[in-house]
Amino acid sequence: MSEQLKFIVEQLNKDPFKKNFNLITFDSLEPMQLLQILNDVLAEIDPKQTIDIREEMPEQTVKRICALLGMLKYKPPGNLSDVSAFRQGLVTGSKPVVHPILNWLLLRVPELKKRAYLARFLVKLDVPAEFLQDDVISDTYHQYEELVEGFKTYHKECEQLRTSGFSTAEIRRDISAMEEEKDQLIKRVERLKKRVESVSNHQRMLEQARQLRVEKEREESLTHQKQEQKNQLFQAEQRLQRSQQQLKDLRQAAADASPESLIKRLEMEIKINSYMVSEKLPKELEGMRRTVQYLQNVASEPAMGQADLHELENKIKEVDAQINQLIEKRMMRNDPMDDKLTLYRQQASIIVRRKESKAEELQEAREELATAERDLRQRSSQAQASNGDEVIRGDELKRLVAKLRSKGTVYKKKRQEIAELKAEFGVLQRTEDILLQRHEIVQQKLQTLEAEKGISGYSNTQEELERVSAIKSELDEKKGRTLDDMSEMVKKLNSMIVEKKTALAPIIKELRSLRQRCQELSQEYDEKKAQYESCAAGLESNRSKLEQEVKTLREETAQEENRYHYINSMSQIIEMQIQRAAEEMKAYVSSDPQERKKAIREVYMKYISEQELLGKKLRERQKMVRENHSANMEQMKMWRDLEQLMECKRQCFIRAQNQASIGQVIQEGGEDRLVL
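Residues numbered from 1 in each chain as written. Predicted model: local features only at pLDDT ≥ 70, side-chain atom pairs only at ≥ 80, totals over all residues. Heavy atoms only, no water.

The chain carries the name Intraflagellar transport protein 81 homolog in an unreviewed UniProt entry, which gives Betta splendens as its organism. Annotation of the chain in UniProt includes, under Sequence similarities (unreviewed entry), the sentence "Belongs to the IFT81 family." (UniProt positions renumbered as here; feature names shortened; annotations may be inferred.)

So, in structure tokens, the structure goes:
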């Protein structure tokens, strides 16, 4: 509750409220002031709520606030579910009612602003059915509904544009840049047209260029179709492989499956499901209910101070002390029967815990399977909507294979754990059978011991007494007997009982000594067992410590070995570098010119000098080209003019020759030709 008040005060002190509250001043507000603050927050969400509540009737204020909270989908806490109590709390300005409303509103101000804005246009008017019988009103109402639907569509498009990341400034910049590019392209096209118009046969060339562009576009489309067909072929081959693998798996499953195995599998599933439904899920549901109840109780409690916290801590300490006393009393009691059953209780508790953990893992696996199936269906539908068939890309296929491998390893581990549980179950079942056999053997030994001591039937005294009572009841039911016979029978029975008691007295004394001896042996056995268990626990702890030390030492050894190999390799690399440096130094200081030429420095110096000489030549050539550029360009222009002049002379000569040959008979290739 204090966190809630702190959050409310922080939000009210920020923009746009700027109230300047602290926890004390806010908590000491009057109910009317608290309602005014609530109204100010609602006015920030919906500007139509801006009003001074002192100028309004309390009933109207509560009605207006409740209508707006209902439109904003506010749900009161669990302890304020009664509408009349909630309204009464609003009327009186109760803090347990107003504070949760303020907390809920201040947490969601932007979202609630949007909801209030949409509610102005989307909350439909409630028109009575009898008014809708009028045609004009009905048409108007239908137009109103169409406008509401249109508003929904436009609002969705607006939100999509807002969230798409485009802004008007960017769009305007793009439009201006595109217009500039358009103007530049128009100018370039005009310049090219002017240059082309002076060329002969330019229309034919343009047509050929257009056909070339069309053929290139067709080639690109054909290449794209070819690639798509290759992709479709690859996808079809993948589907064929998956179908063949599924068919193979189904055939293997059908070959391995038999009615007995199917029935066993179904029985196992039924047992698992029945355990989940009857034991696990009810426990989880009950635990969740307790948690929810506890949280509701905590939420409904008022704010706690430091004194309340100290009181709770003292109670917790007292309860812990009582628990420790009870544990000490139980340990001091030291019931031998409990010690004998401790082992079986521990084993049973271990099995129960393992069973619960396996059930949880099974439930998680089922949830993962359901999630994977939903994801698979969603992706399949998306792929079919986009291309009409399923698509599995390389990365997805790799992830799928890796996931299947991990699932396979997990499955193997689970199968091994199940086998261990089955083996442990067999051991426990065998232990139960052995104990039953021992019980029967002890009963037989007891009967033989009674027979040897001459007190056969001593263990069956209760049965004899029951038989005697049955005989007595039968005797009572018989009406032909007299009281003398009954008294005589009683005397005989008493005498028999006395005889049995006298016969059993020495045996009972001997049995008492044996019982005492048995008790002493049991106590000694318990002491030895406790010593053994303590010694075993100490040895087990020492073993675990030694194993941990061995593990750490092995890890340190592996690290040191890695470090050794790394240092060894680095030393070899450094030795090679030192050797190369020594060889380089030896070749550099050698008096033999041939050896010095082999040095890397000499090689690089030679290469540098060659490159410098080449750069010098290129610079001289560049200088010469720059100096002769203008003269060469003039000479090239003169040669072009000369070429045009010679071409003009050739054309003139051809025309003159054609005019001179008019009206003459020319013999060429064995034919006579008249030129007119």
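**Considerations on the nonpolar core**
Of all hydrophobic cores here, the largest spans 35 residues; its most connected members are Leu-12, Phe-26, Leu-38, Leu-90, Ile-101, Leu-102 and Leu-105. Those elements that provide at least two residues to this core are α1 (2-13), α3 (31-45), α4 (58-71), α5 (83-92), α6 (95-107) and α7 (109-122). If we skip the residues at most four places from it in the chain, Leu-38 touches Ile-65, Leu-90, Val-98, Ile-101, Leu-102 and Leu-105. (Core = buried A, V, L, I, M, F, W, Y, C linked by side-chain atoms within 4.5 Å. Buried < 20%, exposed > 50% of the residue type's maximum accessible area, 1.4 Å probe, protein only. Helix = DSSP H or I, 4+ residues; strand = E, 2+ residues; numbered from the N terminus. Contact = heavy atoms within 4.5 Å.)

**Some thoughts on the packing of α7 against helix α8 (residues 135-163)**
Across the interface, α7 lies against α8 with an axial gap of 10 Å and an inter-helix angle of 150°. Our classification of the angle between α7 and α8 gives roughly antiparallel. Residues Lys-114, Tyr-117, Leu-118, Phe-121 and Leu-122 of α7 touch α8, and the partners they reach there are Val-148, Phe-151, Lys-152, His-155 and Glu-159. Here the residues of the contact of α7 with α8 sort into 6 nonpolar, 1 polar and 3 charged. (Axes fitted to C-alpha atoms, helices over the stretch in contact; angles between N-to-C directions. Parallel < 35°, antiparallel > 145°, perpendicular 65-115°, else oblique. Nonpolar A, V, L, I, M, F, W, Y, C, P; charged D, E, K, R; others polar.)

**Comments concerning α4**
Here α4 spans 20 Å end to end across 14 residues, near enough to the 20 Å set by a 1.5 Å rise per residue. Every buried residue belonging to α4 is among Thr-61, Val-62, Arg-64, Ile-65, Cys-66, Leu-68 and Leu-69, and all of these are buried. Packing partners of the buried residues in α4 comprise α3, α5 and α6. With its phi angle positive at about 65°, Lys-73 sits one or two positions after the end of α4. (Expected span 1.5 Å × (residues − 1).)

**Describing the packing of α4 against α5**
With their axes 10 Å apart at the nearest point, α4 and α5 run at an angle of 125° to one another. By the angle between their directions, the pair α4 and α5 is classed as oblique. Along this stretch, α4 crosses α5, giving a crossing that reads as right-handed. Here Val-62, Ile-65, Cys-66 and Leu-69 of α4 lie close against α5, whose contacting residues are Phe-86, Arg-87, Leu-90 and Val-91. When its residues are assigned to classes, the contact of α4 with α5 shows 7 nonpolar, no polar and 1 charged. (Left-handed = near helix turned anticlockwise from the far one by under 90°.)

**Some points on the pattern of salt bridges**
One pass over the full model with this rule turns up 13 salt bridges. With a shortest N-O distance of 2.9 Å, Lys-113 and Glu-44 are connected by a salt bridge. Taken together, the residues Lys-113 in helix α7 and Glu-44 in helix α3 connect sequence positions 69 residues apart. Residue Lys-113 is classed as partly exposed on the basis of its relative accessible area, which comes to 33%. In this structure, Arg-543 engages Glu-540 in a salt bridge whose closest nitrogen and oxygen atoms are separated by 2.4 Å. Highlighted residues: Arg-543 and Glu-540, both in helix α16 (residues 483-588), separated by 3 residues, approximately one helical turn. Judged by its relative accessible area of 40%, Arg-543 is partly exposed. Bridged by salt links that share partners, the residues Glu-540, Arg-543 and Glu-547 form one connected network. (Salt bridge = Lys/Arg side-chain N within 4 Å of Asp/Glu carboxyl O.)

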